[in-house]
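Survey of secondary and tertiary structure
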Amino acid sequence: IFFNHIKKTPADLIIIAGDLINFDSFSRFLTYQKISTDNEIEKARLFCNKLLKHCKKIIYIKSNHELRLEKFLIRELGTDKANELFNLGLSLKNFFSSEKLLVVNNWFIQIGDCVIAHPEIQSIVRARPIDWTIQFFETKIKNFNCVVIAHTHKLNRIFRRNKLGIETGCFAKIQDYILEGNFTAYREEPQYLGFTQLKLKNGKTLVNETLPILIKVEDPIF
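Since the model is a prediction, treat every value here as computed from it, not as a measurement.

**What about helix α3 (residues 68-77)?**
R68, L69 and L73 are the residues of α3 that are buried. For α3, the angular spread of the buried residues around the axis is 130°, confining them to a single face. Count one or two residues on from α3 and you reach G78, which has phi positive near 90°.

**Notes on the packing of α3 against helix α4 (residues 79-88)**
The N-to-C vectors of α3 and α4 enclose an angle of 135°; their axes lie 7 Å apart at closest approach. One finds that α3 runs oblique with respect to α4. Along this stretch, α3 crosses α4, giving a crossing that reads as right-handed. Contacts between α3 and α4 involve E70, L73, I74 and L77 on the former and, on the latter, T79, K81, A82, L85 and F86.

**Quick word on the pattern of salt bridges**
Following the criterion strictly, the structure yields nine salt bridges and no others. Ionic pairing is found between K62 and E70, a salt bridge with its closest N-O pair at 2.5 Å. Among the ionic pairs, R160 bridges to D131, the shortest N-O distance being 3.6 Å. A residue pair is termed long-range when its members are at least 10 positions apart, and R160 in strand β7 (residues 155-160) and D131 in helix α5 (residues 128-138) qualify at 29 residues. On the basis of relative accessibility, which here comes to 16%, the residue D131 falls in the buried class.

**Considerations on the nonpolar core**
Ranked by internal contacts, the top residues of the largest apolar core, which has 29 residues, are F2, I21, L51, I58, Y60 and F96. Mapped onto this core, the elements with two or more residues apiece are α1 (2-8), β1 (11-16), α2 (37-51), β2 (55-61), α3, α4 and β3 (101-104). The element best represented in this core is α2, accounting for four residues. Discounting chain neighbours no more than four positions away, the residues touching I58 are L13, I14, I16, C48, L51, L52, K100, L101 and L102. Counting twelve residues, the second-largest nonpolar core is a separate cluster that includes A17, I109, A150 and I166.

**Concerning the sheet that holds β2**
Read across the sheet, three strands follow the order β1-β2-β3 without closing on themselves; strand pairing throughout is parallel. The strands lining the two open edges of the sheet, one partner per strand, are β1 and β3. This sheet shows a mean twist of 20° between the axes of neighbouring strands, independent of strand direction. Relative to β2, β1 runs parallel, the two sharing five bridges. The partner of I15 across the bridge, within β2, is I59.

**Structural notes on the side chain of H151**
Here H151 shows up in the loop between β6 (146-149) and β7. One polar contact links H151 to N64, side chain to side chain, over a distance of 3.5 Å. In this structure the side chain of H151 is engaged in a polar contact, spanning 3.2 Å, whose partner is the side chain of H118. Dropping the residues within four chain positions of it, H151 is found in contact with N64, H118, P119, E120, I121 and Q122.

Rules and cut-offs
- Residues numbered from 1 in each chain as written.
- Predicted model: local features only at pLDDT ≥ 70, side-chain atom pairs only at ≥ 80, totals over all residues.
- Heavy atoms only, no water.
- Buried < 20%, exposed > 50% of the residue type's maximum accessible area, 1.4 Å probe, protein only.
- Helix = DSSP H or I, 4+ residues; strand = E, 2+ residues; numbered from the N terminus.
- Arc of directions from axis to C-beta.
- Axes fitted to C-alpha atoms, helices over the stretch in contact; angles between N-to-C directions.
- Parallel < 35°, antiparallel > 145°, perpendicular 65-115°, else oblique.
- Left-handed = near helix turned anticlockwise from the far one by under 90°.
- Contact = heavy atoms within 4.5 Å.
- Salt bridge = Lys/Arg side-chain N within 4 Å of Asp/Glu carboxyl O.
- Core = buried A, V, L, I, M, F, W, Y, C linked by side-chain atoms within 4.5 Å.
- Pairing = 2+ DSSP bridges.
- Polar contact = N/O pair within 3.5 Å; in protein donor to acceptor, adjacent residues only side chain to side chain.

So, to be careful, I would describe these as geometric facts and stop short of saying anything about function.
As structure tokens, this is what we get:
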């Protein structure tokens, strides 16, 4: 459904809002898949190459899942030795070779007056994470009118303090560690497959045309 959509509406830019690579081998959470890091990276490359057939450029921001490798190395080796490896080239951007793909070493970026982010926040209250994120950026960024966030696996569109806020859903299967063990209530809620169509003109978000798109494979996925 996603690729059918972008074939009909070609994108100038596709933003991957984190969690493209899980780094399961370095995770402290439960996993049954046992996917090697090489396999994960190769699947990510194939996915990005497919995306690049339908857009001019990809921007890929880092998130909590991409940071698992760095956190593991810091825990095991200490900060100084881990930084030596990072300086030698063990970094996410070096896993991709395309000039059309830019890996941003941050959890958010700003395109025109829109901020795209991957904050590590959750709530059982509908749309509260996007509300919190808008409040956070009000103290950090002067000129923005729209915020789109990943991470929550929810899909919401709201207006807060005259700003458009979107939780963009996800492309993910349910994680193994969510299906077992004791977790907070939000993990018992459904996740939604989706993405956001962001339209700007002269750097300004076209509010009526900037929408989350629900992918109805299983609606919702449990």
